[in-house]
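Single-letter residue listing:
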Amino acid sequence: MESETYMKALILNGSRKGDRFLDAASDVLSHTLKGAGYEVDPLILRDLKIASCKGCFDCWVKTPGVCSTDDEGRLVPMKMMQSDLMIYLTPIIIGGFSSELKKGLDRITGALLPFLTNVNGEIHHPFRYKKYPKILGIGILPQPDEEAERIFRTLVNRNALNIHDKGHSTVVYRNDSHERVAEKIKALLAEAGAAK
Amino acid sequence: MSSPKKALLLVGSPRGRDSSSEALGGYLLNRLKEHGMETGKVYIHPSMLTERGQAEMLQAIDRSDLLILAFPLYVDSLPAPVIAALETIAEHRRTKVRKEQKLVAITNSGFPEASQMDTALAICRRFASETKIGWAGGLAIGGGEALHGRSLAEAGWMARNPRKALDMAATALAEDRPVPKETVDIAAKPLIPRWMYVFVANRWFKNEAKKNGAQDKLYDRPYQA
(Lines give C-alpha, C1' and ligand atoms only; values in the text may rest on other atoms or scores of the structure.)
Protein backbone atom coordinates (compact mmCIF):
# COMPACT_ATOMS: atom_id res chain seq x y z
CA MET A 1 0.00 0.00 0.00
CA GLU A 2 1.37 3.46 -0.89
CA SER A 3 1.94 5.97 1.87
CA GLU A 4 -0.33 8.51 0.13
CA THR A 5 -3.35 6.34 0.98
CA TYR A 6 -2.82 6.73 4.75
CA MET A 7 -4.89 9.74 5.65
CA LYS A 8 -6.61 9.15 8.95
CA ALA A 9 -4.76 8.18 12.11
CA LEU A 10 -6.52 6.97 15.24
CA ILE A 11 -4.48 7.22 18.43
CA LEU A 12 -5.63 4.84 21.16
CA ASN A 13 -4.14 6.57 24.18
CA GLY A 14 -3.83 4.11 27.07
CA SER A 15 -2.24 6.51 29.54
CA ARG A 16 -3.03 6.70 33.20
CA LYS A 17 -4.19 9.94 34.75
CA GLY A 18 -1.32 12.27 35.57
CA ASP A 19 1.20 10.68 33.21
CA ARG A 20 2.75 13.93 31.94
CA PHE A 21 5.42 12.22 29.87
CA LEU A 22 2.85 10.20 27.95
CA ASP A 23 0.66 13.27 27.45
CA ALA A 24 3.70 15.08 26.02
CA ALA A 25 4.51 12.06 23.83
CA SER A 26 0.92 12.13 22.60
CA ASP A 27 1.36 15.78 21.56
CA VAL A 28 4.58 14.92 19.73
CA LEU A 29 2.84 12.01 18.01
CA SER A 30 -0.10 14.16 16.90
CA HIS A 31 2.24 16.88 15.64
CA THR A 32 4.38 14.36 13.73
CA LEU A 33 1.34 12.70 12.17
CA LYS A 34 -0.14 16.04 11.12
CA GLY A 35 3.22 16.94 9.60
CA ALA A 36 3.02 13.74 7.59
CA GLY A 37 -0.40 14.73 6.27
CA TYR A 38 -2.69 12.81 8.58
CA GLU A 39 -5.98 13.80 10.06
CA VAL A 40 -5.46 12.80 13.70
CA ASP A 41 -8.14 11.43 16.01
CA PRO A 42 -6.82 11.01 19.54
CA LEU A 43 -8.94 8.82 21.80
CA ILE A 44 -8.00 9.10 25.47
CA LEU A 45 -9.44 5.84 26.70
CA ARG A 46 -9.30 6.62 30.43
CA ASP A 47 -11.79 9.44 29.85
CA LEU A 48 -14.33 7.19 28.15
CA LYS A 49 -17.02 5.07 29.73
CA ILE A 50 -16.02 1.63 28.46
CA ALA A 51 -17.38 -1.47 30.16
CA SER A 52 -15.34 -4.63 29.97
CA CYS A 53 -16.13 -7.22 27.30
CA LYS A 54 -18.70 -9.75 28.60
CA GLY A 55 -17.51 -12.58 26.39
CA CYS A 56 -21.10 -13.04 25.19
CA PHE A 57 -20.37 -13.24 21.44
CA ASP A 58 -23.38 -11.00 20.73
CA CYS A 59 -21.14 -8.91 18.45
CA TRP A 60 -20.83 -12.05 16.32
CA VAL A 61 -24.14 -13.88 16.54
CA LYS A 62 -26.81 -11.42 17.72
CA THR A 63 -25.93 -7.91 16.55
CA PRO A 64 -23.11 -8.75 14.10
CA GLY A 65 -20.35 -6.16 14.12
CA VAL A 66 -21.81 -4.16 17.01
CA CYS A 67 -21.17 -4.77 20.71
CA SER A 68 -24.40 -5.25 22.63
CA THR A 69 -23.07 -3.02 25.43
CA ASP A 70 -24.22 0.46 24.46
CA ASP A 71 -21.46 2.68 25.78
CA GLU A 72 -18.42 4.56 24.51
CA GLY A 73 -16.64 1.27 23.88
CA ARG A 74 -18.51 1.18 20.56
CA LEU A 75 -16.41 4.15 19.45
CA VAL A 76 -13.27 2.01 19.27
CA PRO A 77 -14.25 -0.37 16.43
CA MET A 78 -16.18 2.42 14.71
CA LYS A 79 -13.18 4.78 14.64
CA MET A 80 -10.84 1.89 13.90
CA MET A 81 -12.69 1.04 10.70
CA GLN A 82 -12.66 4.68 9.60
CA SER A 83 -8.86 4.95 10.00
CA ASP A 84 -5.84 4.11 7.92
CA LEU A 85 -3.53 3.89 10.92
CA MET A 86 -4.41 2.71 14.41
CA ILE A 87 -1.69 3.64 16.86
CA TYR A 88 -1.45 2.23 20.36
CA LEU A 89 0.18 4.68 22.76
CA THR A 90 0.65 3.04 26.12
CA PRO A 91 2.91 2.66 29.09
CA ILE A 92 4.34 -0.85 28.96
CA ILE A 93 2.84 -2.57 31.99
CA ILE A 94 4.31 -5.97 32.94
CA GLY A 95 5.40 -6.29 29.33
CA GLY A 96 1.98 -5.62 27.84
CA PHE A 97 -0.54 -2.87 27.27
CA SER A 98 -2.09 -0.83 30.07
CA SER A 99 -5.53 -1.93 31.24
CA GLU A 100 -6.84 1.41 29.90
CA LEU A 101 -5.73 0.51 26.36
CA LYS A 102 -6.79 -3.09 26.72
CA LYS A 103 -10.34 -2.23 27.76
CA GLY A 104 -10.73 -0.52 24.37
CA LEU A 105 -9.07 -3.31 22.41
CA ASP A 106 -11.24 -5.96 24.07
CA ARG A 107 -14.23 -4.29 22.41
CA ILE A 108 -13.07 -4.63 18.78
CA THR A 109 -13.74 -8.36 18.46
CA GLY A 110 -16.81 -7.79 16.28
CA ALA A 111 -14.67 -6.09 13.64
CA LEU A 112 -13.82 -9.60 12.47
CA LEU A 113 -16.18 -12.43 11.57
CA PRO A 114 -16.80 -15.17 14.13
CA PHE A 115 -15.72 -18.02 11.90
CA LEU A 116 -12.33 -19.71 12.02
CA THR A 117 -10.00 -20.04 9.09
CA ASN A 118 -6.40 -21.03 8.43
CA VAL A 119 -4.00 -18.10 8.00
CA ASN A 120 -0.46 -19.22 7.23
CA GLY A 121 -0.84 -22.37 9.29
CA GLU A 122 -2.55 -20.75 12.27
CA ILE A 123 -6.26 -20.40 12.98
CA HIS A 124 -7.67 -16.88 12.91
CA HIS A 125 -10.94 -15.09 12.22
CA PRO A 126 -11.75 -14.01 8.65
CA PHE A 127 -12.29 -10.36 7.70
CA ARG A 128 -15.63 -8.67 8.15
CA TYR A 129 -14.44 -5.58 6.27
CA LYS A 130 -12.47 -5.23 3.06
CA LYS A 131 -9.80 -3.02 4.57
CA TYR A 132 -8.29 -2.63 8.04
CA PRO A 133 -5.92 0.01 9.42
CA LYS A 134 -2.24 -0.62 9.89
CA ILE A 135 -1.45 -1.31 13.56
CA LEU A 136 1.45 0.60 15.13
CA GLY A 137 2.51 0.37 18.77
CA ILE A 138 4.36 2.97 20.82
CA GLY A 139 5.30 1.70 24.26
CA ILE A 140 6.68 3.84 27.09
CA LEU A 141 9.22 2.48 29.55
CA PRO A 142 11.26 4.13 32.31
CA GLN A 143 14.44 2.68 30.84
CA PRO A 144 15.58 -0.05 28.41
CA ASP A 145 14.19 -3.43 29.39
CA GLU A 146 14.89 -6.23 26.92
CA GLU A 147 12.25 -8.65 28.15
CA ALA A 148 9.44 -6.11 28.48
CA GLU A 149 10.22 -4.69 25.04
CA ARG A 150 10.23 -8.15 23.48
CA ILE A 151 6.83 -9.01 24.98
CA PHE A 152 5.39 -5.64 23.91
CA ARG A 153 6.61 -5.93 20.33
CA THR A 154 5.38 -9.51 20.08
CA LEU A 155 1.97 -8.45 21.35
CA VAL A 156 1.70 -5.69 18.74
CA ASN A 157 2.70 -8.19 16.06
CA ARG A 158 0.15 -10.71 17.30
CA ASN A 159 -2.59 -8.06 17.17
CA ALA A 160 -1.62 -7.19 13.61
CA LEU A 161 -1.69 -10.87 12.69
CA ASN A 162 -5.38 -10.89 13.62
CA ILE A 163 -5.93 -8.65 10.61
CA HIS A 164 -3.48 -10.81 8.65
CA ASP A 165 -0.85 -8.06 8.65
CA LYS A 166 2.55 -7.27 10.14
CA GLY A 167 2.73 -5.01 13.18
CA HIS A 168 5.17 -2.18 13.74
CA SER A 169 6.34 -0.87 17.08
CA THR A 170 8.81 1.33 18.87
CA VAL A 171 9.71 1.89 22.51
CA VAL A 172 10.23 5.33 24.00
CA TYR A 173 12.07 5.90 27.29
CA ARG A 174 10.97 8.44 29.83
CA ASN A 175 14.30 10.23 29.63
CA ASP A 176 14.07 10.63 25.86
CA SER A 177 13.93 14.25 24.69
CA HIS A 178 10.97 15.45 22.63
CA GLU A 179 13.29 15.47 19.62
CA ARG A 180 14.26 11.86 20.23
CA VAL A 181 10.61 10.85 20.63
CA ALA A 182 9.80 12.54 17.32
CA GLU A 183 12.72 10.73 15.65
CA LYS A 184 11.47 7.38 16.89
CA ILE A 185 7.93 8.10 15.70
CA LYS A 186 9.17 9.16 12.27
CA ALA A 187 11.25 5.99 12.03
CA LEU A 188 8.20 3.95 13.02
CA LEU A 189 6.06 5.56 10.32
CA ALA A 190 8.82 4.98 7.78
CA GLU A 191 9.13 1.32 8.79
CA ALA A 192 5.38 0.88 8.38
CA GLY A 193 5.46 2.53 4.96
CA ALA A 194 3.26 5.26 6.39
CA ALA A 195 5.56 8.28 6.13
CA LYS A 196 5.39 10.89 3.45
CA MET B 1 9.56 -22.15 51.56
CA SER B 2 7.67 -25.02 53.13
CA SER B 3 4.90 -26.80 51.23
CA PRO B 4 2.08 -24.41 50.31
CA LYS B 5 -0.96 -24.60 52.55
CA LYS B 6 -3.49 -22.25 50.99
CA ALA B 7 -4.36 -22.06 47.31
CA LEU B 8 -6.46 -19.26 45.82
CA LEU B 9 -8.09 -19.46 42.41
CA LEU B 10 -8.46 -16.11 40.65
CA VAL B 11 -11.08 -16.56 37.93
CA GLY B 12 -10.38 -14.06 35.16
CA SER B 13 -13.36 -14.66 32.89
CA PRO B 14 -16.40 -12.39 32.63
CA ARG B 15 -18.49 -15.55 32.40
CA GLY B 16 -17.52 -16.36 35.99
CA ARG B 17 -18.98 -19.64 37.22
CA ASP B 18 -20.03 -20.62 33.69
CA SER B 19 -16.58 -20.19 32.18
CA SER B 20 -13.93 -22.57 30.90
CA SER B 21 -11.51 -20.73 33.20
CA GLU B 22 -13.65 -21.77 36.17
CA ALA B 23 -13.82 -25.36 34.87
CA LEU B 24 -10.05 -25.62 34.45
CA GLY B 25 -9.03 -23.68 37.56
CA GLY B 26 -11.73 -25.34 39.65
CA TYR B 27 -10.50 -28.78 38.65
CA LEU B 28 -6.96 -27.94 39.77
CA LEU B 29 -8.29 -26.44 42.99
CA ASN B 30 -10.17 -29.65 43.80
CA ARG B 31 -7.07 -31.74 43.16
CA LEU B 32 -5.06 -29.48 45.47
CA LYS B 33 -7.75 -29.92 48.12
CA GLU B 34 -7.27 -33.67 47.84
CA HIS B 35 -3.57 -33.05 48.44
CA GLY B 36 -4.48 -31.41 51.76
CA MET B 37 -4.43 -27.77 50.80
CA GLU B 38 -6.97 -25.18 51.89
CA THR B 39 -8.63 -23.55 48.92
CA GLY B 40 -10.45 -20.35 48.07
CA LYS B 41 -11.80 -18.59 45.01
CA VAL B 42 -12.15 -15.00 43.81
CA TYR B 43 -13.91 -13.74 40.68
CA ILE B 44 -11.81 -10.93 39.29
CA HIS B 45 -14.40 -9.10 37.15
CA PRO B 46 -16.95 -8.37 39.90
CA SER B 47 -14.15 -7.79 42.43
CA MET B 48 -12.58 -5.05 40.31
CA LEU B 49 -15.85 -3.09 40.08
CA THR B 50 -15.72 -1.76 43.65
CA GLU B 51 -13.05 -0.64 46.12
CA ARG B 52 -14.43 -3.11 48.64
CA GLY B 53 -14.21 -5.92 46.11
CA GLN B 54 -10.61 -5.03 45.34
CA ALA B 55 -9.72 -4.85 49.05
CA GLU B 56 -11.28 -8.26 49.69
CA MET B 57 -9.43 -9.70 46.69
CA LEU B 58 -6.12 -8.35 48.00
CA GLN B 59 -6.81 -9.73 51.47
CA ALA B 60 -7.56 -13.16 50.02
CA ILE B 61 -4.32 -13.00 48.03
CA ASP B 62 -2.32 -11.99 51.09
CA ARG B 63 -3.64 -15.00 52.98
CA SER B 64 -2.62 -17.44 50.24
CA ASP B 65 0.56 -19.34 49.45
CA LEU B 66 -0.31 -20.41 45.92
CA LEU B 67 -2.16 -18.19 43.44
CA ILE B 68 -3.86 -19.80 40.44
CA LEU B 69 -4.76 -17.30 37.72
CA ALA B 70 -7.21 -18.78 35.21
CA PHE B 71 -8.32 -16.61 32.30
CA PRO B 72 -9.42 -16.68 28.66
CA LEU B 73 -7.26 -15.20 25.92
CA TYR B 74 -8.62 -11.82 24.83
CA VAL B 75 -6.99 -10.16 21.81
CA ASP B 76 -3.73 -12.08 22.37
CA SER B 77 -3.48 -11.08 26.02
CA LEU B 78 -5.36 -11.10 29.31
CA PRO B 79 -8.83 -9.53 29.58
CA ALA B 80 -8.65 -5.84 30.59
CA PRO B 81 -10.08 -6.35 34.13
CA VAL B 82 -7.44 -9.04 34.75
CA ILE B 83 -4.67 -6.67 33.67
CA ALA B 84 -6.21 -4.03 35.95
CA ALA B 85 -6.18 -6.58 38.78
CA LEU B 86 -2.51 -7.39 38.15
CA GLU B 87 -1.73 -3.64 38.18
CA THR B 88 -3.56 -3.35 41.51
CA ILE B 89 -1.82 -6.38 43.00
CA ALA B 90 1.58 -5.12 41.84
CA GLU B 91 0.96 -1.74 43.46
CA HIS B 92 -0.24 -3.45 46.64
CA ARG B 93 2.90 -5.55 46.84
CA ARG B 94 5.12 -2.54 46.20
CA THR B 95 3.83 -0.72 49.25
CA LYS B 96 4.16 -3.54 51.79
CA VAL B 97 6.42 -6.50 52.33
CA ARG B 98 4.56 -9.64 51.39
CA LYS B 99 5.17 -13.23 52.28
CA GLU B 100 6.66 -15.68 49.82
CA GLN B 101 4.07 -16.85 47.29
CA LYS B 102 3.86 -18.73 44.02
CA LEU B 103 1.80 -18.18 40.90
CA VAL B 104 0.58 -20.65 38.30
CA ALA B 105 -1.40 -19.47 35.27
CA ILE B 106 -3.96 -21.41 33.24
CA THR B 107 -5.23 -19.90 30.03
CA ASN B 108 -7.55 -21.08 27.31
CA SER B 109 -8.75 -19.65 24.04
CA GLY B 110 -11.05 -20.07 21.09
CA PHE B 111 -8.10 -20.95 18.89
CA PRO B 112 -6.90 -24.55 18.82
CA GLU B 113 -3.19 -23.73 18.97
CA ALA B 114 -1.80 -23.40 22.48
CA SER B 115 1.10 -21.36 21.07
CA GLN B 116 -1.30 -18.45 20.48
CA MET B 117 -1.28 -17.97 24.26
CA ASP B 118 2.51 -17.68 24.61
CA THR B 119 2.43 -13.88 24.89
CA ALA B 120 -0.27 -13.91 27.55
CA LEU B 121 1.72 -16.39 29.60
CA ALA B 122 4.88 -14.31 29.10
CA ILE B 123 2.97 -11.39 30.67
CA CYS B 124 1.95 -13.58 33.63
CA ARG B 125 5.55 -14.70 34.10
CA ARG B 126 6.73 -11.11 33.91
CA PHE B 127 4.12 -10.12 36.51
CA ALA B 128 5.48 -12.80 38.84
CA SER B 129 9.01 -11.54 38.33
CA GLU B 130 8.11 -7.87 38.92
CA THR B 131 6.11 -8.63 42.06
CA LYS B 132 8.64 -11.12 43.41
CA ILE B 133 6.14 -13.96 43.35
CA GLY B 134 7.64 -17.31 42.48
CA TRP B 135 6.70 -18.49 38.98
CA ALA B 136 5.32 -22.02 39.16
CA GLY B 137 4.50 -22.25 35.44
CA GLY B 138 1.83 -21.63 32.84
CA LEU B 139 -0.58 -24.01 31.16
CA ALA B 140 -2.23 -23.15 27.84
CA ILE B 141 -5.30 -25.14 26.82
CA GLY B 142 -5.78 -24.87 23.07
CA GLY B 143 -9.42 -24.68 22.03
CA GLY B 144 -10.58 -24.46 25.64
CA GLU B 145 -13.65 -22.60 24.41
CA ALA B 146 -14.99 -26.02 23.40
CA LEU B 147 -15.57 -26.74 27.09
CA HIS B 148 -18.04 -23.84 27.09
CA GLY B 149 -18.38 -23.81 30.85
CA ARG B 150 -18.80 -27.55 31.31
CA SER B 151 -16.78 -29.14 34.09
CA LEU B 152 -13.89 -31.31 32.96
CA ALA B 153 -15.84 -34.36 34.16
CA GLU B 154 -18.89 -33.37 32.09
CA ALA B 155 -16.68 -32.79 29.04
CA GLY B 156 -15.68 -36.47 29.15
CA TRP B 157 -13.18 -37.81 26.62
CA MET B 158 -12.52 -34.38 25.14
CA ALA B 159 -11.02 -33.12 28.42
CA ARG B 160 -8.75 -36.10 29.03
CA ASN B 161 -5.54 -34.13 28.39
CA PRO B 162 -6.42 -31.12 30.55
CA ARG B 163 -7.44 -33.50 33.37
CA LYS B 164 -4.17 -35.42 33.08
CA ALA B 165 -2.12 -32.21 32.96
CA LEU B 166 -3.93 -30.67 35.92
CA ASP B 167 -3.59 -33.88 37.95
CA MET B 168 0.16 -33.77 37.34
CA ALA B 169 0.29 -30.03 38.06
CA ALA B 170 -1.54 -30.53 41.37
CA THR B 171 0.97 -33.16 42.49
CA ALA B 172 3.89 -30.89 41.65
CA LEU B 173 2.37 -27.75 43.20
CA ALA B 174 1.38 -29.56 46.40
CA GLU B 175 5.03 -30.59 46.74
CA ASP B 176 6.09 -26.98 46.11
CA ARG B 177 7.60 -27.82 42.73
CA PRO B 178 6.96 -25.89 39.50
CA VAL B 179 4.73 -27.44 36.88
CA PRO B 180 6.93 -29.84 34.85
CA LYS B 181 7.45 -29.24 31.12
CA GLU B 182 5.85 -32.59 30.34
CA THR B 183 2.67 -31.30 32.01
CA VAL B 184 2.74 -28.12 29.92
CA ASP B 185 3.09 -30.22 26.76
CA ILE B 186 0.13 -32.43 27.65
CA ALA B 187 -2.04 -29.39 28.41
CA ALA B 188 -1.12 -27.91 25.03
CA LYS B 189 -2.56 -30.82 23.07
CA PRO B 190 -5.77 -29.77 21.25
CA LEU B 191 -8.99 -31.01 22.89
CA ILE B 192 -10.15 -32.34 19.53
CA PRO B 193 -8.45 -32.47 16.09
CA ARG B 194 -8.00 -29.02 14.61
CA TRP B 195 -10.13 -29.61 11.52
CA MET B 196 -12.96 -30.90 13.68
CA TYR B 197 -12.67 -27.93 16.05
CA VAL B 198 -12.94 -25.48 13.15
CA PHE B 199 -15.89 -27.36 11.63
CA VAL B 200 -17.81 -27.54 14.92
CA ALA B 201 -17.06 -23.90 15.84
CA ASN B 202 -18.17 -22.56 12.45
CA ARG B 203 -21.39 -24.57 12.60
CA TRP B 204 -22.01 -23.40 16.17
CA PHE B 205 -21.69 -19.73 15.20
CA LYS B 206 -24.15 -20.17 12.32
CA ASN B 207 -26.64 -21.99 14.54
CA GLU B 208 -26.41 -19.34 17.26
CA ALA B 209 -26.99 -16.57 14.71
CA LYS B 210 -30.02 -18.45 13.40
CA LYS B 211 -31.43 -18.83 16.92
CA ASN B 212 -31.08 -15.06 17.32
CA GLY B 213 -32.63 -14.33 13.94
CA ALA B 214 -29.34 -12.79 12.84
CA GLN B 215 -28.30 -15.28 10.17
CA ASP B 216 -28.81 -12.72 7.38
CA LYS B 217 -26.75 -10.12 9.23
CA LEU B 218 -23.69 -12.24 9.99
CA TYR B 219 -21.58 -10.46 7.37
CA ASP B 220 -22.86 -6.93 8.07
CA ARG B 221 -20.37 -4.05 8.02
CA PRO B 222 -21.92 -1.50 10.37
CA TYR B 223 -18.83 0.70 10.51
CA GLN B 224 -17.85 0.56 6.84
CA ALA B 225 -16.12 3.86 5.99
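The model shown is predicted, which means the values in this text are computed figures rather than measured ones.

Rules behind the numbers
Residues numbered from 1 in each chain as written. Chains lettered and ligands numbered in written order. Predicted model: local features only at pLDDT ≥ 70, side-chain atom pairs only at ≥ 80, totals over all residues. Axes fitted to C-alpha atoms, helices over the stretch in contact; angles between N-to-C directions. Helix = DSSP H or I, 4+ residues; strand = E, 2+ residues; numbered from the N terminus. Parallel < 35°, antiparallel > 145°, perpendicular 65-115°, else oblique. Left-handed = near helix turned anticlockwise from the far one by under 90°. Contact = placed C-beta atoms within 7 Å. Nonpolar A, V, L, I, M, F, W, Y, C, P; charged D, E, K, R; others polar. Expected span 1.5 Å × (residues − 1). Buried ≥ 20, exposed ≤ 12 C-beta atoms within 10 Å, placed from the backbone. pLDDT = per-residue confidence, 0-100. Pairing = 2+ DSSP bridges. Core = buried A, V, L, I, M, F, W, Y, C linked by C-beta atoms within 7 Å. Domains from an automatic or database assignment. Right-handed = clockwise from strand over helix to strand, strands pointing away.

Draft legend 1. Quick look at the packing of helix α5 (residues 146-162) of chain A against helix α5 (residues 118-130) of chain B. Where α5 of chain A contacts α5 of chain B, the two axes come as close as 10 Å, and the packing angle between them is 155°. Regarding the angle of α5 of chain A to α5 of chain B, the classification is roughly antiparallel. Considering only the axes of α5 of chain A and α5 of chain B, their crossing is left-handed. Here E147, A148, I151, T154, L155 and R158 of chain A of α5 of chain A come into contact with α5 of chain B, specifically with T119, A122, I123 and R126 of chain B. Tallied by class, residues from the contact of α5 of chain A with α5 of chain B come to 5 nonpolar, 2 polar and 3 charged.

Draft legend 2. Structural context of α5 of chain B. With 13 residues, α5 of chain B extends 18 Å between its outermost C-alpha atoms, agreeing within 8% with the 18 Å of an ideal straight helix rising 1.5 Å per residue. Looking at α5 of chain B, one finds that the buried residues are T119, A120, L121, A122, I123, C124, R126, F127 and A128 of chain B. Those residues of α5 of chain B that are buried lie in contact with α5 of chain A together with β3 (66-72), α4 (80-95), β4 (102-108) and β5 (134-141) of chain B. Positioned one or two residues after α5 of chain B, K132 of chain B has a phi angle of 60°, which is positive.

Draft legend 3. The interface of chain A and chain B, seen in detail. On the side of chain B, 43 residues touch chain A, which itself brings 39 residues to the contact. Within the residue set of the side of chain A that touches chain B, elements represented by two or more residues are α2 (58-61), α3 (75-81), α4 (99-105), β5 (122-124) and α5 of chain A. Its residues assigned to classes, the side of chain A that touches chain B comprises 21 nonpolar, 9 polar and 9 charged.

Draft legend 4. Local environment of the confidence of the model for chain B. Taken residue by residue, chain B gives an average pLDDT of 94. The fraction at 70 or more is 98%. Here the predicted complex carries an ipTM of 0.95, next to a pTM of 0.95.

Draft legend 5. How the structure looks around the sheet that holds strand β2 (residues 38-43) of chain B. All names here are of chain B. Taken in spatial order, the 5 strands of this open sheet run β2-β1-β3-β4-β5, and their pairing is parallel. For this open sheet the edge positions go to β2 and β5, each flanked by a neighbour on one side alone. Taking the axes of each pair of neighbouring strands and ignoring which way they run, one obtains an average angle of 15° across the sheet. Pairing analysis gives 7 bridges linking β4 to β5, with the strands arranged parallel.

Draft legend 6. Structural context of the nonpolar core. The biggest cluster of nonpolar side chains holds 120 residues, and the ones touching the most others in it are I87 of chain A together with L10, L28 and I68 of chain B. Excluding residues within four positions of it along the chain, I68 of chain B makes contact with A7, L8, L9, L10, G25, L28, L29, V104 and I106 of chain B. Counting 5 residues, the second largest nonpolar core, distinct from the first, contains C59, W60 and C67 of chain A together with A209 of chain B.

Draft legend 7. Here's a closer look at the domain arrangement of chain B. For chain B, the assigned domains are domain 1 (6-191) and domain 2 (193-225). Put simply, the middle of domain 1 of chain B and the middle of domain 2 of chain B, counted by C-alpha atoms, are 29 Å apart.

Draft legend 8. Spotlight on the pairing of strand β7 (residues 168-173) of chain A. All names here are of chain A. The pairing of strand β6 (residues 134-141) with β7 spans 6 bridges and is classified as parallel. Each bridged residue has a counterpart across the sheet, and for G137 the counterpart in β7 is S169. With α5 bridging β6 and its parallel neighbour β7, the resulting β-α-β unit is right-handed.

Draft legend 9. Focus on unusual backbone geometry. The phi torsion at F57 of chain A lies on the positive side, around 70°, for a residue other than glycine. Looking at where F57 of chain A falls in the secondary structure, it is placed in the loop between β2 (39-44) and α2. In the Ramachandran plot, D176 of chain B falls in the positive-phi region, its phi being about 65° despite a non-glycine side chain. By secondary structure assignment, the location of D176 of chain B is in the loop between α6 (160-174) and α7 (181-188).

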